[in-house]
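Given next are the chains, with one letter for each unit.
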Amino acid sequence: MPDNTVPRTGHSAGNGAAPALSRRRFLSVAGQGAVVSAGVAAAATGPLLAAPAAAGPDPNIVPVPNWSKALGAGVNVNPYGKPSKFEKDVVRREVTWLTASSESSVSFTPLYALDGTITPNGLCFVRHHGGEAEIDPDKYRFMVHGLVDRELVFTLEDIKRMPGRVNRAYFLECAANSGMEWRGAQLNGCQFTHGMIHNVYYTGVPLRAFLDVAGVKPKGKWVLAEGADAAVMTRSIPIEKALDDCLVAFAMNGEALRPEQGYPVRLVVPGWEGNMWVKWLRRIKVGDQPWQQREETSKYTDLLADGRSRRFTFIMDAKSVVTSPSPQAPLKQKGPTVLTGIAWSGRGAIRRVDVSLDGGRNWTTARIEGPNTPMSMTRFYLDFDWGGEELMVQSRAMDDTGYVQPTKQELRAIRGTNSIYHNNGIQTWLVRSNGETENVEVG
Amino acid sequence: MWKSAEALIVAAALAGTFAAASVSAVADPASAKGEATKAGAQAKGEKAPDKDKARQAVNVPAVVRPGVPPAKAIALGRPALPEEIAAWNIDVRADGEGLPAGKGSVKQGEELFLQSCAVCHGEFGEGAGRWPVLAGGRGTLKSDRPEKTIGSFWPYASTVFDYVHRAMPFGNNQSLTPDETYAIVAYLLNLNDLVPEDFVLSKENFPKVSLPNEATFYDDDRETTEKSFWKAAPCMKDCSGEVHVTARAQILNVTPDADPPKGNLE
């Protein structure tokens, strides 16, 4: 047994405290009969199906299934490919009451249905402020000007010809992710509570390359990044960050940026709030002070309980969420269970993720699996045995600066409940004895 | 993280041979408009650049002139023309940098606002439907229902000018002239009881306008005020007494219908 498998006691009668994944336990659970109904058979594991002889041969096995008899579709029926039709519910979703129009709105990533560390491009959450701009790549231009020695214009081809191209995986989280939960549990589904995040491999050129070519004057301390969409989105970024790790990106997960993600070019600002990752990037202006634009004054400032407001809260703190089980991904069977979730930190790499099944009283360190690089999404698992008892599932991330994801109570004690952004408090899912799962808060 | 700036540095001589052949086509307009470059920069009140500065961009055979560091990189990009910069250089800063010449009155602004803005923001900036409220809300920031308007929350009037000019009216963006923008901002300031009804806002008097909530903003201080979130060994065992559910999303029932699969165990 791996160290991070939690032996659970107090399961339904007859199971005792059997080792979590032993064959005896598999057979024991399967032997209860009622557990393996037709409805769950498809999801059940081999041993579960193998045990009950009385059920007769599985109709999905004994007659040769159609998909083994008739020829399937040809190689180019879907020239770009698309997901299985059985996955048609795995889509971005809107919360229509959130905003006044769909052009200035958000749709959420279905985190509950995803695994691994990379978000498929078509499922990356979308936040627009003036709709999706459609830009002809041949007509695209990128300008660098202001406090520089040389004010320059680049074409998309110029950008792709720049030396020093890089590939980097980074998470992109909207500062308002979980913002609807400041005052209490509100939405059922991690798609809605935590779905304003995605994690992709960007291909691009360091912003530094363009600034070096232009020659930043000594007085240049900030840059203004501006988009070409109808919102003409702008954000001020300190020059240190611009010269450190920001990217002028044109590809995500190997393909051209999706139009809704800023085709043909967007800014990548690793670890910092998503609003700064200007899509349809058209301009970088170098100046000697921040611009105090709409997105950094009226929005993306954090109103605290005493009426004061924090500004320039760029970094996204360490955060995590269990994606399964969760309200849209309830538990379907007793017995071996793989709990999984994601963790991330804008301050660096995730060092550790702990999981609690009892509302934060006791914690077990989860297994981190897959790439675990700075400012990128990290996947964690906890293999455990579920006996049908009620669970209060939580996860707690820690990054390599020693920052530990706080509880919602700890966060509210410092910030109050009037903030909209940067809610990285620990999430609780209540798993009921029938497996249904609900967004709750505990105390 | 990225430390390969050196990789971009190519000897000026190399850049020269490279550029001479490949970039003349894009560099030409800059040469032709060398005078315009200078005139444009002067009109903006900036220090007149070296006459040849525009031509001396990275992609042009390097003739290193005093005061301008040599180009670090190679034959990519071309000089931006002044009229190109002017077309995109629309940002207005808190200190008024970037404000265009012009003026507009509260009265003119009221007419424009009723025509173009009231459908979303209400006749008096009170908001319509879910569109933003622009006026009122003073004294609510510490309450349970803070109303974050221009008068109650925004720190700088420049932001209003910038945003109205760049992104409004929603659906007919960048259609307002500088004078019309001044007028609408004047009306919004009046709706927030910050200027009288006969006020005329202009580039000249703009710096005198200040918004009431400016002083309450301060820079991110999480690393000091939230230092308790950095801890070496968070509690792992018996961290609290009995835990109870204190709030449920189910009660609000506001989640959009997502056809969530139901638990089907029992």
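What counts, and where the lines are drawn
- Residue positions are counted from 1 within each chain, in the order its sequence is given.
- Whichever chain is written first is A, and whichever ligand is written first is 1; the rest continue in order.
- Since the coordinates come from a predicted model, pLDDT governs what is reported: local features require at least 70, and pairs of side-chain atoms require 80 or more to be given and counted, while whole-chain, interface and lining totals use all residues.
- Only hydrogens and water are set aside; all other atoms, that is, all heavy atoms of the structure, feed into the side-chain values.
- The helix count covers DSSP runs of H or I at least four residues long, the strand count covers runs of E at least two residues long, and both are numbered beginning at the N terminus.
- Contacts are assigned to residue pairs that have any heavy atoms within 4.5 Å of one another.
- In short, Shrake-Rupley with a 1.4 Å probe defines the accessible areas, and a residue's cover is counted only from the protein chains shown.
- Each residue gets one of three labels from its accessible area relative to the maximum for its type: buried under 20%, exposed over 50%, partly exposed in between, using a 1.4 Å probe on protein chains only.
- Should DSSP find at least two bridges between two strands, the strands are regarded as paired.
- By construction, the arc corresponds to the directions joining the helix axis to the C-beta atoms.
- For the purposes of this section, nonpolar cores are sets of buried Ala, Val, Leu, Ile, Met, Phe, Trp, Tyr and Cys residues that join through side-chain atoms within 4.5 Å.
- We define a salt bridge as a side-chain nitrogen of Lys or Arg found within 4 Å of a carboxyl oxygen belonging to Asp or Glu.
- Two parts placed together each lose some accessible area under a 1.4 Å probe, and adding up what both lose gives the buried area.
- Whenever a nitrogen or oxygen atom comes within 3.5 Å of another N or O atom, the pair is scored as a polar contact, on the condition that within protein one atom can donate a hydrogen and the other can accept it, and that pairs from neighbouring residues in sequence are kept only if both atoms are in side chains.
- All amino acids are sorted into three groups, where Ala, Val, Leu, Ile, Met, Phe, Trp, Tyr, Cys and Pro are nonpolar, Asp, Glu, Lys and Arg are charged, and the leftover types, Gly among them, are polar.
- To pair, rings of Phe, Tyr and Trp, with the six-membered ring standing in for Trp, must have centres within 6.5 Å; the planes then decide the type, stacked if under 30 degrees apart, edge-to-face if over 60, and tilted in the middle.
- Ring-over charges, as used throughout, are those where CZ of Arg or NZ of Lys falls within 6 Å of the ring centre and within 35 degrees of the ring normal.
- UniProt positions are given in the numbering used here, feature names are shortened, and annotations may be inferred rather than shown by experiment.
- Orientation is described by lines fitted to C-alpha atoms, with helices fitted over the stretch in contact, and by angles between N-to-C directions that extend from 0 to 180 degrees.
- Note on angle classes: values under 35 degrees are labelled roughly parallel, values over 145 roughly antiparallel, values of 65 to 115 roughly perpendicular, and the remainder oblique.
- Crossings are assigned a handedness: left-handed for a near helix turned anticlockwise from the far helix by less than a right angle, right-handed for a clockwise turn.

A count of helical and extended segments in chain A gives nine helices and 24 strands. Relative to all contacts within chain A whose residues are 6 or more apart in sequence, the contacts with residues 24 or more apart total 70%. On chain A, roughly 15,700 Å² of surface is accessible, and the fraction owed to carbon and sulfur atoms is 54%.

To continue, consider the pairing of strand β6 (residues 166–173) of chain A. Residue and element names in this part refer to chain A. When you tally the buried positions in β6, you get six out of eight residues, the bulk of the element. Examined bridge by bridge, β6 and strand β7 (residues 197–206) share eight bridges and lie antiparallel to one another. Within the sheet, the bridge partner assigned to F171 lies in β7 and is N199.

We now examine helix α9 (residues 408–415) of chain A. The set of residues buried in α9 of chain A consists of K408, L411, R412 and R415 of chain A. Along the axis of α9 of chain A, the buried positions cluster into a sector of 95°, meaning they face one direction only.

Turning to the nonpolar core, a few remarks are in order. Formed by 100 residues in total, the largest nonpolar core has its most connected members in F142, I159, Y202 and L281 of chain A. In this view, Y202 of chain A contacts V166, N167, R168, Y170, L172, L247, A249, A251, M252, R266, V268 and W277 of chain A; residues no more than four positions away in its chain are not counted. Listed in part, the 38 residues of the second largest apolar core include A118, Y182, I184 and F217 of chain B.

In the structure shown here, the tally under the stated rule is 41 salt bridges over all chains. The partner of E226 of chain A in a salt bridge is R166 of chain B, and the shortest N-O contact between them spans 2.8 Å. Pair noted here: E226 of chain A is in strand β8 (residues 222–227) and R166 of chain B is in helix α8 (residues 157–167), and the two residues belong to different chains. The closest approach of N and O atoms between E273 of chain A and R235 of chain A, which form a salt bridge, is 2.9 Å. Taken together, the positions of E273 of chain A in the loop between β12 (266–268) and β13 (281–287) and R235 of chain A in strand β9 (residues 234–238) put the pair 38 residues apart, joining distant regions of the chain. Residue classification places E273 of chain A among the buried positions, given a relative accessible area of 1%. Under the relative-accessibility criterion, R235 of chain A is labelled buried at 0%.

Moving on: the interface of chain B and chain A. Contacts between the two partners involve 96 residues from chain B and, on the opposite side, 126 residues from chain A. Regarding the contact of chain B and chain A, the summed buried area is about 9,700 Å², with carbon and sulfur atoms giving 55% of it. Between chain B and chain A we count 12 salt bridges in total. The interface formed by chain B and chain A contains 52 residue pairs in polar contact (both at pLDDT 80 or more). Of all the secondary structure elements, the ones that give two or more residues to the side of chain B that touches chain A are α1 (5–8), β1 (78–79), α5 (82–88), α8, β4 (217–219), α10 (222–225), β5 (245–248) and α11 (249–252) of chain B. With five residues, α8 of chain B is the largest single contributor of residues to the side of chain B that touches chain A. A class-by-class count of the residues in the side of chain B that touches chain A yields 51 nonpolar, 18 polar and 27 charged.

Turning our eyes to something else, we now look at the packing of aromatic side chains. Applying the stated criterion to the full structure yields 19 aromatic pairs over all chains. Arranged with centres 5.6 Å apart and planes meeting at 35°, the rings of F312 of chain A and F314 of chain A form a pair that is tilted. Side by side, F312 of chain A and F314 of chain A carry an identical accessibility label, which is buried. We note R396 of chain A situated over the ring of W363 of chain A; from NZ or CZ to the ring centre the distance is 4.2 Å. Positioned above the aromatic ring of F153 of chain B is the side chain of K148 of chain B, whose terminal nitrogen or guanidinium carbon lies 4.8 Å from the ring centre.

Moving on, we get to the sheet that holds strand β23 (residues 428–431) of chain A. With antiparallel pairing, the six strands of this open sheet are ordered in space as β19(A)-β18(A)-β22(A)-β23(A)-β24(A)-β5(B). Of all the strands in the sheet, just β19 (364–365) of chain A together with β5 of chain B have a single pairing partner and so form its edges. When strand β18 (residues 350–356) of chain A meets β19 of chain A, the two strands line up antiparallel, connected through two bridges. Looking across to β19 of chain A, one finds that V355 of chain A is bridged to T364 of chain A.

As a further point, take the UniProt feature "domain: Oxidoreductase molybdopterin-binding" (unreviewed entry) in chain A. The feature "domain: Oxidoreductase molybdopterin-binding" (unreviewed entry), as annotated in UniProt, sits at residues 131–292 of chain A in this numbering. The span residues 131–292 of chain A carries 15% helix and 35% strand; its end-to-end C-alpha distance comes to 23 Å.

Take the UniProt feature "domain: Moybdenum cofactor oxidoreductase dimerisation" (unreviewed entry) in chain A next. With numbering aligned to this structure, UniProt lists the feature "domain: Moybdenum cofactor oxidoreductase dimerisation" (unreviewed entry) at residues 314–427 of chain A. Along residues 314–427 of chain A, the helical share is 7% and the strand share 39%, with 22 Å between the first and last C-alpha atoms.

This paragraph deals with the packing of α8 of chain B against helix α9 (residues 178–191) of chain B. Residue and element names in this part refer to chain B. The contact between α8 and α9 brings their axes to 10 Å, and the two run at 130°. With respect to α9, the element α8 is oriented oblique. The interaxial crossing formed by α8 with α9 has right-handed handedness. Judged by residue contacts, A157, V160, F161, V164 and H165 of α8 engage P178, T181, Y182, I184, V185, L188 and L189 from α9. Its residues assigned to classes, the contact of α8 with α9 shows 10 nonpolar, two polar and no charged.

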